[in-house]
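If you want the building blocks of each chain, they are given just below.
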Amino acid sequence: MQQKINYDDVDFSSLDERFHPPQHFTLNITKRRGRQLRYGHIVPSGAKGTIVIIPGNQEPLEKYFEFINELNPWDRRWAIFIYDLYDQGGSGRFTRSPDLVHSNGFEDDILDLEHILDTVVFDERRAARPCVVIAHSKGGHFLARYLARNPDMRITASCLTTPMMGIYKIPTWLRHLLYLPNEMGLSEKRITKADESKSQLTHDRGERGTIRDRLAHIGVYERTTGMTFGWVYHALRSIHRFYRPSNLQNLPFTQSLIIKAGNETIVDNAAIDHLHQHLKGSEVKTIEGAYHDIWLESDEYRTPFIKAIIDFLEKHLPQRS
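Counting restarts for each chain, with residues numbered from 1 along the sequence as it is written. In view of the model being predicted, local features appear only for residues whose pLDDT reaches at least 70, and side-chain atom pairs are presented and counted only at 80 or more, with totals across whole chains, interfaces and linings using the full set of residues. To obtain the side-chain values, all non-hydrogen atoms of the structure were used and water was disregarded.

Caption draft 1: Spotlight on empty space enclosed by the protein. Within this scheme a cavity is a closed region of a 1 Å grid, computed over the protein atoms alone, that accommodates a 1.4 Å probe without allowing it to escape, whereas a pocket is open but has protein on both sides within 12 Å along at least five of seven lines; lining residues each have an atom within 4 Å of a point. Grid points are joined across faces, edges and corners, and a volume is the space filled by probe spheres set on the points. The final tally for this structure, using the stated rule, is three cavities of 30 Å³ or more. Taken as a whole, the largest cavity holds about 80 Å³ of empty space. Forming the boundary of the largest cavity are 14 residues, of which Tyr86, Phe94, His102, Ser103 and Asp109 lie nearest the centre.

Written out as structure tokens, the structure is:
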């Protein structure tokens, strides 16, 4: 499937209107050393602030349309930038396994984030300060590593939702065992298969909870169906690297909201608490009973989650006068 830079041939009519492209939303492509990254943005005239959204694993940027529509950034005069992480959504793929999320090292993903900020968000003064970055799961891991190695004064505040600072209940012996396939040349082989109907990502079994499959069905993007051993290998290595004392000491003072899921079964909440202890200026909120992907949760859990994020944004971004 070719990367989409518009929705001219996509029929969103089968989806509820809240999942349709937001008003004034524009898609585009940027490249970094041959890696094509698809991004979207809304930039109102006279923008008073900027929000950057970094998605999580195996998801397209369109997953966040419901939130962007709720936010109504055009009327608030807030610029929005969001991009697809490499090897998922509408960004470029590793050609040997287009249906799998793979990795040759998370360092490239952190450089992709730096590229997006430097050449897309803050290029030609399109973005207005202050700037708040919202990052989910794997995206939260990338943001934490980016801040540890490159404190960025352009970022006013950050919101990390169920960030992947550790993997849920993975013992040391299994972690070492998972290194072996990568060392045996099997890094591009499948390790997991996605099945949203049986996952513990969300309680919602309606349109919201299955929105990624529905977006793939109408041709918005090519759905990934799992991850490779290489992805797991580099995820574990990156997590280990982040917790080196030198990295933790480099974390800047950043006004941050960290949101945990009370019924988390994907990432390690204890590791998130460890991040909170070292990320000066951070606060933690737990959505009790929620599963990992609170963005797609049922209203019981998602409503207080979205309220916490919007309250945080309104605290750090100017309101339209």
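So, next bit.
Caption draft 2: Local environment of helix H10 (residues 299-316). Strands are runs of DSSP state E lasting at least 2 residues, helices are runs of H or I lasting at least 4, and numbering of each runs from the N terminus. By definition here, a helix of n residues has an expected span of 1.5 Å times n minus one. Helix length check: H10, at 18 residues, gives a terminal C-alpha distance of 25 Å against a target of 26 Å (1.5 Å per residue), a fit within 8%. Between buried and exposed lies partly exposed: a residue is buried under 20% and exposed over 50% of the maximum accessible area for its type, with that area taken using a 1.4 Å probe on protein chains only. Every buried residue belonging to H10 is among Tyr301, Arg302, Phe305, Ile306, Ala308, Ile309, Ile310, Phe312, Leu313 and His316, and all of these are buried.

Caption draft 3: Quick peek at the pattern of salt bridges. A carboxyl oxygen of Asp or Glu within 4 Å of a side-chain nitrogen of Lys or Arg is what we treat as a salt bridge. Inspection of every chain in the model, using the stated rule, returns 25 salt bridges. Here Asp16 makes a salt bridge to Arg18, at a shortest N to O gap of 3.2 Å. Overall, the relative accessible area of 36% leaves Asp16 in the partly exposed class. When the shortest N-O distance is used, the salt bridge between Asp152 and Arg154 registers 2.8 Å. Assessed through its relative accessible area of 23%, Arg154 is described here as partly exposed.

Caption draft 4: Layout of the side chain of Glu264. Its location among the elements puts Glu264 in the loop between strand S9 (255-261) and helix H9 (269-278). Counted as positive: Lys and Arg. Counted as negative: Asp and Glu. His and the chain ends are not counted at all. No salt bridge forms around the buried Glu264; measuring N to O, its nearest opposite-charge neighbour Lys260 is 9.4 Å away. By the criterion applied in these results, polar contacts are pairs of N or O atoms within 3.5 Å in which, for protein atoms, one can donate a hydrogen and the other can accept it, and in which residues neighboring in sequence qualify only through two side-chain atoms. Separated by 3.2 Å, the side chain of Glu264 and the backbone nitrogen of Val267 make a polar contact. Polar side-chain contacts of Glu264 include one of 3.0 Å to the side chain of His292. Setting aside chain neighbours within four positions, we find Glu264 in contact with Thr162, Tyr168, Asn269, Ala290 and His292. Contacts are assigned to residue pairs with any non-hydrogen atoms lying within 4.5 Å of each other.

Caption draft 5: Quick peek at the pairing of S9. For S9, the tally of buried residues reaches six of seven residues, placing the bulk of the element in the interior. By the bridge criterion, five bridges tie strand S7 (residues 157-161) to S9 in an arrangement that is parallel. Each residue of the ladder has a partner; that of Thr161, found in S9, is Ile259. When the strands point away from the viewer, a crossover counts as right-handed if the path from the first strand over the helix to the second runs clockwise. The parallel pair S9 and strand S10 (residues 282-287) is bridged by H9, and the resulting crossover is right-handed. The criterion for strand pairing is that DSSP finds at least two bridges linking the strands in question.

Caption draft 6: Focus on the packing of aromatic side chains. Side-chain rings of Phe, Tyr and Trp (the six-membered ring for Trp) are treated as a pair once their centres are within 6.5 Å; stacked means planes under 30 degrees apart, edge-to-face means over 60, and tilted covers the remaining angles. Inspection of every chain in the model, using the stated rule, returns eleven aromatic pairs. Ring centres of Tyr64 and Trp295 lie 5.1 Å apart, and the angle between their planes is 75°; on these two criteria the pair is classed as edge-to-face. Taken together, the positions of Tyr64 in the loop between strand S3 (49-54) and helix H1 (65-71) and Trp295 in the loop between S10 and H10 put the pair 231 residues apart, joining distant regions of the chain. You'll find Tyr64 and Trp295 in the same group, each marked buried. Plain terms: the ring middles of Tyr86 and Phe94 are 5.3 Å apart, the flat faces sit at 90° to each other, and that makes the pair edge-to-face. Cluster of aromatic residues (ring-pair linked, three or more members): Tyr7, Phe12, Phe25 and Phe65. Lying across the ring of Tyr86, Arg35 places its NZ or CZ 4.1 Å from the centre. Here, over-ring charges are defined by two tests on the NZ atom of lysine or the CZ atom of arginine: distance to the ring centre within 6 Å, and angle to the ring normal within 35 degrees.

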